[in-house]
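Inside the fold
Read off the chains here:
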Amino acid sequence: MMNIKRREFLLFLSGFAGTVALSSLQSCNFSGLQSSPKSLNFKPLKGPLPVPTDGIAPAQQITEYSSYEILDDLVLPEGFTYDAIAQWGDPVGDSRFGYNNDYLSFIETVPNEGYLVINFEYVSAGTWMQTYPLVIQKPLPLEAVKAGMSTASRGEAPTTINAFALPDNNPLKAQIQQICEEALIDQGLGVISLRQTPEGQWERTNSPADRRISGISGLKDGRYLKATGPGVKIFQKQQMQGYRDGLGDRIIGTFGNCAGGTTPWGTVLSAEENFQSQVSEPVYADGSSFDPGEVSFNLADNRLHGQGNVLGLAGNKYGWIVEIDPTDPNDYGTKHTWLGRYRHEAVGVRVESGKPLAFYSGCDRQGGHLYKFVSQEVVTNPTDKGNSQLLSEGQLYGAKFNPDGTGTWIPLTPETAVNPQLPSQLVGNVISLPQRQPPTTARQRNQRQGGYFIGDRDEQIQTFKQQFKTLGDLYVGNPEEKQGAILIDAHYAANAAGVTCTARPEDTIIAPDGSLYIAFTAGGSASEGGPDNRIFTGPNGETPYPFGWIFRLNEDDNEPASLTFTWEKLAVGGEPTEGGLGFSNPDNLLVDSGNNLWMVTDVSTGGLNRAVPSRVDDSGQAIGLAQQMGIFGNNSIWFIPTSGPDAGKAYLFGLGPMECETTGPFLTPDERTLFLAVQHPGETNGIRMNRATETREFAMLTIEGEEFIQTRQVPLGSNWPTKQPNDPPLPAVVAIRRLDSQAIPPRMTSI
């Protein structure tokens, strides 16, 4: 049934959370009912999918699950409640609470009071444009821009235009800029001050430190972001192969802010993820940006891309980790270029006295990599705010996973050998590599070369290795400039160096023992790449495997700066009958004080509750796993004990509203509040009108593999969080608490 048997799972966890008795290991069995342990302080929810921990006997599952109603609400176990504490459009400083809140970090200043830092990732174009006039109370010139674009193209109805190239006095350019500025205001970071009332609710205190750091900070207000590390040399160059924005090392704004991390000294790290939708990702060999026209302004009913185009933003200044101190009202963020530029998701922060910093992050794309930054100097005091200076000098590495459970860290330096993975080793059989001509003459070395090409044959890789021996052969400039260019082009440089192509690493979090949890969300392929087909397999060897995994990585000798490691699969998504734990697409992770895992899921909006009327197509062939995604229902919250007799089981703790993603779980120090971000409710259908609901059918399986049809009631769109008919859906941050005011995490008993 499974490659990751529960005995192996428990043996693996025993090194993390204490010894697990042999009697427990011998009695472990995934089949049949797994009742809730006595130490579990909540009754697991009944989701749409039968799981071993739902408390329902297998013989009763067909009866219990033949019909199911999806709710447009954040559903929690009995005895728990939530309060919405901030939502899109609320005032924050001299701006507003942004859209699609993601990572959350609570920095306590005194007991039950402190600062909540919020990431705002992107705007869900269709729903954002539909609801903006209702929420922000002013119009957007959408129709005027569409008409102007049509006029500019002589009567056609294009969806794209290079607004950057329009004259500054062109009214269409001003209208496009208005739309883009409003969209970028709704991205970035927010800081709000909170305190808890005696009744347990949280309220805003609106301190002078409350502020927004948006996608246009610095554009008109002088609140530029700063930068450190070798990338600064590239930003400051007067002569470059590509586009120069004239700002030197000053940076306008931050956007695409997805997951993040929190340091022991009280700063918050924000990860810029899908910046490539707004500015160009590829760069020239000297690290300079492509022209803003490479990513045109793109407007359609459900699309609003190229927001940096009209503003002339330099693409090489986005895709970084941003650090802010929420307690400093004048801190608008610093981008640390030693941490690399790629589609960042999360930052796993490891800080120990007498040792270098080790920061881990993943690149959320099919074929993206796991990275580690190691500081040059060591930590003296983990709570000293001067530790931020350690991020200005160090080394970036990429992880090479070996199929035998070992691995190495490959430094991304000019001296590193070129040795890409072969396309035949990857799901989808493609890899993207820096586009260069062989440096046969000095003149060719200085030619303007950049971007990437797609390698789809192993023979191409062999030729590439013959033409370029080291990463330094792929980039130009003096040694420091080459290092800066490599960091700016980190994804393609890592591909060239042979860093393992992985399966969308969406979270990295450090456990108390120093080990690293990694959420790999999905193992499919895309036009630019896919994961290693020897590593990222399903429980029965399936590739592609769309349901995801949680890995655990241990540095050799438990040293942050180690260049070797071991890795194991901790948990796997998918149906229980096929070896999964009952969830799909693990995303943000949280480790509580009892060393238990909390996890939220990231099923893409298009897959949520998508009908699965049959497991076979019209020709009688089994449908692909990705076509079965709808069985998992709405995105969800799970609790996974890591010690005691129930270690390795997954218990359903929460279900999100319609068409949303649950993100950024963060516990207060006393663990009596769980902050949670609910982003993009109603992303597919927008406002739920007149309680609209659709009936869909799903071909389901009990945990013992018996087939049945489920009739499911699915709301169309969302009215969350007000839940009032025809109200617009609003991304919002909530505070979850127990009605009895006790700690949220269960105190799991060991055996």
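The rules behind each value
Residues numbered from 1 in each chain as written. Predicted model: local features only at pLDDT ≥ 70, side-chain atom pairs only at ≥ 80, totals over all residues. Heavy atoms only, no water. Helix = DSSP H or I, 4+ residues; strand = E, 2+ residues; numbered from the N terminus. Rg over C-alpha atoms; globule rule 2.2 N^0.38 Å. Buried < 20%, exposed > 50% of the residue type's maximum accessible area, 1.4 Å probe, protein only. Areas by Shrake-Rupley, 256 points an atom, 1.4 Å probe, with all protein chains shown as cover. Lys, Arg positive; Asp, Glu negative; His and termini not counted. Charge placed at Lys NZ, Arg CZ, Asp CG, Glu CD. Salt bridge = Lys/Arg side-chain N within 4 Å of Asp/Glu carboxyl O. Disulfide = S-S within 2.5 Å. Pairing = 2+ DSSP bridges. Axes fitted to C-alpha atoms, helices over the stretch in contact; angles between N-to-C directions. Contact = heavy atoms within 4.5 Å. Phe/Tyr/Trp six-rings, centres within 6.5 Å; stacked < 30°, edge-to-face > 60°. Lys NZ or Arg CZ within 6 Å of the ring centre and 35° of its normal. Core = buried A, V, L, I, M, F, W, Y, C linked by side-chain atoms within 4.5 Å.

1. Here we look at the overall build of the chain
- Counting secondary structure elements, the chain contains 11 helices and 37 strands.
- In terms of overall size, the chain behaves like a compact globule, its C-alpha atoms giving a radius of gyration of 25 Å where 751 residues would be expected to give roughly 27 Å.
- The dimensions of the chain, computed from C-alpha atoms along their principal axes, are 75 × 65 × 55 Å.
- The proportion of buried residues among the 751 residues of the chain is 64%.
- Working note: accessible area of the chain is about 26200 Å², and carbon and sulfur atoms make up 47% of it.
- Averaging the coordinates of the 57 positive side-chain charges in the chain and doing the same for the 83 negative ones gives two points 3 Å apart.

2. A closer look at the pattern of salt bridges
- Scanning all chains against the criterion turns up 35 salt bridges.
- Put simply, Glu143 and Lys146 hold a salt bridge, and the shortest N to O gap is 3.8 Å. Here the residue Glu143 and the residue Lys146 both occupy positions in helix α5 (residues 142-152), the gap between them amounting to 3 residues, near one helical turn.
- The exposure class of Lys146 is partly exposed, given its relative accessible area of 31%.
- Here Arg195 ties to Glu203 by a salt bridge, and the two come within 2.8 Å at their closest N and O atoms.
- For Glu203, a relative accessible area of 31% corresponds to the partly exposed category.

3. Notes on the state of the cysteines
- A complete count under the given rule lists 0 disulfides for this structure.
- Here Cys660 stays unpaired: no disulfide links it, and the sulfur of Cys258, its closest cysteine neighbor, is 14 Å away.
- A relative accessible area of 0% means that Cys660 is categorised as buried.

4. Concerning unusual backbone geometry
- Put simply, Thr543 and Pro544 share a cis peptide bond, and its omega is -10 degrees.
- The topology assignment puts Pro544 in the loop between β26 (516-520) and β27 (549-555).
- Between Trp720 and Pro721 the backbone carries a cis peptide bond, its omega angle lying at 10 degrees.
- Mapped onto the secondary structure, Pro721 falls in the loop between β36 (707-715) and β37 (732-738).
- The backbone of Lys723 shows a phi angle near 65 degrees, a positive value even though the residue is not glycine.

5. Notes on the sheet that holds strand β35 (residues 693-701)
- Sheet architecture is open: 3 strands sit in the order β1-β36-β35, paired in mixed fashion. Since the sheet does not close on itself, it has two edges, and those belong to β1 (67-69) and β35, each with one partner. Strand-to-strand twist in this sheet, taken as the mean axis angle between neighbours without regard to direction, amounts to 25 degrees.
- For β35 and β36, the ladder comprises 9 bridges, and the chain directions are antiparallel. What sits directly across from Glu694, in β36, is Val714.

6. Section: the pairing of strand β5 (residues 101-110)
- Here β5 lies mainly inside the structure; 7 of its 10 residues are buried.
- Here β5 pairs with strand β6 (residues 113-120) via 7 bridges, running antiparallel. Bridge pairing in β6 links Ser105 to Val117.

7. Remarks on α5
- Residues of α5 that are buried include every one of Leu142, Val145, Gly148, Met149 and Ser150, and no others.
- Next to the buried residues of α5 lie α4 (125-135), β7 (160-161), α6 (171-185) and β14 (297-300).
- Trailing α5 by a residue or two, Arg154 shows a phi angle of about 60 degrees, which is positive.

8. Brief notes about the pairing of strand β34 (residues 674-679)
- Of all 6 residues in β34, 6 are buried, a share of seventy percent or more.
- Neither face of β34 is exposed, since Leu674, Leu676 and Val678 on one face and Phe675, Ala677 and Gln679 on the opposite face are all buried.
- As judged from the 5 bridges shared by strand β33 (residues 661-667) and β34, these two strands associate in the antiparallel manner. In the sheet register, Leu667 faces β34, and the bridge partner there is Leu674.
- Connecting the antiparallel pair β33 and β34 is a turn made up of 6 residues, with Glu671 showing a positive phi of about 60 degrees.
- The pairing of β34 with β37 spans 5 bridges and is antiparallel. What sits directly across from Leu674, in β37, is Ile736.

9. Notes on the packing of aromatic side chains
- A complete count under the given rule lists 35 aromatic pairs for this structure.
- Between the aromatic rings of Phe42 and Phe653, the centroid separation amounts to 5.1 Å while the plane-to-plane angle is 85 degrees, which identifies the pairing as edge-to-face. One end of the pair, Phe42, is in the loop between α2 (22-27) and α3 (61-65); the other, Phe653, is in strand β32 (residues 651-655), and 611 residues separate them in sequence.
- Through pairs of rings, three or more aromatic residues link up here, namely Tyr360, Phe401, Trp409, Phe520, Phe536, Tyr545, Phe547, Trp549, Phe551, Phe565, Trp567 and Phe632.
- In this structure, Lys46 packs its charged tip against the face of Tyr65, placed 5.0 Å from the ring centre.
- Positioned over the ring face of Phe235 is Lys317, at 5.5 Å from the centre of the ring.

10. Notes on the nonpolar core
- Leu116, Trp128, Ile176, Phe297, Leu304 and Phe675 are the most contacted members of the largest nonpolar core, which has 74 residues in total.
- Sorting elements by how many residues they give to this core places α6 first, with 7 residues.
- Dropping the residues within four chain positions of it, Phe297 is found in contact with Val145, Met149, Thr159, Thr160, Ile161, Ala163, Ile176, Cys180, Leu304, His305, Gly306 and Asn309.
- Listed in part, the 60 residues of the second largest apolar core include Ala358, Ala519, Leu570 and Leu655.

11. Quick notes on the sheet that holds strand β30 (residues 597-601)
- Spatially, β29-β30-β31-β32 is the arrangement adopted by the 4 strands of the open sheet, whose pairing is antiparallel. Edge positions in the open sheet fall to β29 (586-591) and β32, since each of these has one partner strand only. Between one strand axis and the next, the sheet turns by 25 degrees as a mean value, whatever way the strands run.
- Pairing geometry for β30 and strand β31 (residues 636-640), over 4 bridges, is antiparallel. Directly across from Leu597, in β31, lies its bridge partner Ile640.

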